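The residues making up each chain are set out below.
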Amino acid sequence: MIGKLQGIVDYIGDGFIILLTHGVGYKVFTPEYLTHKSTVELWIETVVREDSIRLFGFSSLQSQNLFNMLTAVSGVGPKVAMAIMGTINSDTLMSAIATGDAKTIATAPGVGKKMAEKIIVELKNKIGGVSATLFAPDPGTGSTSSALPDLLMALESLGYRRLDIIEMAQKLVNQNPTADVSTLVPMALKEISKGK
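These remarks concern the structure in this document.

Procedures and definitions
Residues numbered from 1 in each chain as written. Predicted model: local features only at pLDDT ≥ 70, side-chain atom pairs only at ≥ 80, totals over all residues. Heavy atoms only, no water. Helix = DSSP H or I, 4+ residues; strand = E, 2+ residues; numbered from the N terminus. Buried < 20%, exposed > 50% of the residue type's maximum accessible area, 1.4 Å probe, protein only. Contact = heavy atoms within 4.5 Å. Areas by Shrake-Rupley, 256 points an atom, 1.4 Å probe, with all protein chains shown as cover. Core = buried A, V, L, I, M, F, W, Y, C linked by side-chain atoms within 4.5 Å. 1 Å grid on protein atoms, 1.4 Å probe; cavity = no way out; pocket = protein on both sides within 12 Å on 5 of 7 lines; lining within 4 Å. Points joined across faces, edges and corners; volume = space filled by probe spheres on them. Nonpolar A, V, L, I, M, F, W, Y, C, P; charged D, E, K, R; others polar. Phe/Tyr/Trp six-rings, centres within 6.5 Å; stacked < 30°, edge-to-face > 60°. Salt bridge = Lys/Arg side-chain N within 4 Å of Asp/Glu carboxyl O. Pairing = 2+ DSSP bridges. Axes fitted to C-alpha atoms, helices over the stretch in contact; angles between N-to-C directions.

With that settled, consider the overall build of the protein chain. A count of helical and extended segments in the protein chain gives eight helices and five strands. Along its sequence from the N terminus, the protein chain presents helices and strands in the succession β-β-β-β-β-α-α-α-α-α-α-α-α. Burial statistics for the protein chain: of 196 residues in total, 40% are counted as buried. Counting contacts in the protein chain only where the partners sit at least 6 residues apart, residues at least 24 apart contribute 52% of the total. When the accessible surface of the protein chain is totalled, it reaches about 10,700 Å², and 54% of it is carbon and sulfur.

Below, the discussion takes up unusual backbone geometry. Of note in the backbone geometry, His-22 takes a positive phi value of approximately 50° without being a glycine. For His-22, the location among the structural elements is in the loop between strand 2 (16–21) and strand 3 (24–29). Note on His-22: relative accessible area 82%, which makes it exposed. Even without glycine at this site, Lys-37 takes up a positive phi of about 70°. Looking at where Lys-37 falls in the secondary structure, it is placed in the loop between strand 3 and strand 4 (39–48).

On to the nonpolar core, then. Ranked by internal contacts, the top residues of the largest apolar core, which has 29 residues, are Phe-67, Leu-70, Ile-84, Leu-93, Ile-105 and Ile-119. Looking at this core, the elements with two or more residues in it are strand 5 (53–58), helix 1 (61–72), helix 2 (78–87), helix 3 (90–99), helix 4 (102–105) and helix 5 (113–135). If near-sequence neighbours (up to four positions away) are discounted, Leu-93 is found in contact with Leu-66, Leu-70, Ile-84, Met-85, Ile-88 and Ile-105. Core analysis: the next-biggest nonpolar cluster, separate from the first, contains 16 residues, Leu-152, Met-168, Ala-169 and Leu-184 among them.

Turning our attention to the layout of surface pockets. If you add up the space inside the largest pocket, you get close to 530 Å³. Around the largest pocket sit 23 residues that line it, and Asp-14, Gly-15, Phe-29, Thr-30 and Met-82 are the ones nearest its centre. Every element with two or more residues in the lining of the largest pocket is listed here: strand 2, strand 5 and helix 2. Tallied by class, the residues present in the lining of the largest pocket amount to 12 nonpolar, six polar and five charged.

Time to look at the packing of aromatic side chains. Per the counting criterion, the structure on display carries five aromatic pairs. A centroid spacing of 6.0 Å and a plane angle of 55° characterise the contact between Phe-16 and Phe-29, whose relative ring orientation is tilted. Separated by 13 residues along the polypeptide, Phe-16 in strand 2 and Phe-29 in strand 3 bring together distant segments of the chain. The class for Phe-16 is buried, based on a relative accessible area of 16%.

What follows is about the pattern of salt bridges. In total, this model carries eight salt bridges according to the counting rule given. Arg-162 is the partner of Glu-156 in a salt bridge, and the nearest nitrogen-oxygen pair spans 3.0 Å. For Arg-162, a relative accessible area of 9% gives the class buried. For Lys-194, the salt bridge goes to Glu-191, with nearest N and O atoms at 3.2 Å. Of the two residues, Lys-194 and Glu-191 both sit in helix 8 (residues 181–195), three residues apart, roughly one turn of that helix. Taking the relative accessible area as the measure of exposure, Glu-191 reaches 33% and is therefore partly exposed. Overlapping salt bridges bring together Asp-101, Lys-103, Glu-156 and Arg-162 as one network.

The strands that make up a sheet are held in pairs by hydrogen bonds between backbone atoms, and each pair lies either parallel or antiparallel. With mixed pairing, the five strands of this closed barrel are ordered in space as 1-2-3-5-4. Between one strand and the next, the sheet's axes are offset by a mean angle of 55°, whatever the strand orientation. Where strand 1 (residues 4–12) and strand 2 come together, four bridges link them in antiparallel fashion. Each bridged residue has a counterpart across the sheet, and for Ile-8 the counterpart in strand 2 is Leu-20. Along the sheet, helix 1 contacts strand 4 and strand 5; its crossing angle with strand 4, the most-contacted strand, is approximately 20°.

Next comes the structure, spelled out in structure tokens:
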């Protein structure tokens, strides 16, 4: 069983790379953004089916574990898991699962609202303890991250795409745990204009 590969990205295909390692080219499916001829180290998950053996590569053990959790959800195969992970970064995905944000998960190609909700139901308890800390306000503030969904909804109504704004919105809510949506929206718009 292959656990890890280090080599040069010899070719980049649609959702996969050819990783050249000691003269052998391994076809590795990966959600990572890699550049041609770069040297990379990938944690490998080998998926064996009746008709194929496929290697899936990840830059971190956290991403590999997340892939394994996703594929453990009934109806989510490696292809769908890779589509999700290729669209949504790991921290955002774990946060979306922990907070029940099906809309963010459903932005991945091939994932509808029902599948996104199923992923949340099956993984929330497994991921909740880990990524809930991403949103947790400082102890003693007594506030929750309930402003996040409202902030996202307000920004979406202004025409912004959820995937483009979610990380910035999470950061604002974390930095201002007691702020309400009417305070957060102008702050978010200021951040968005900074990024342009």
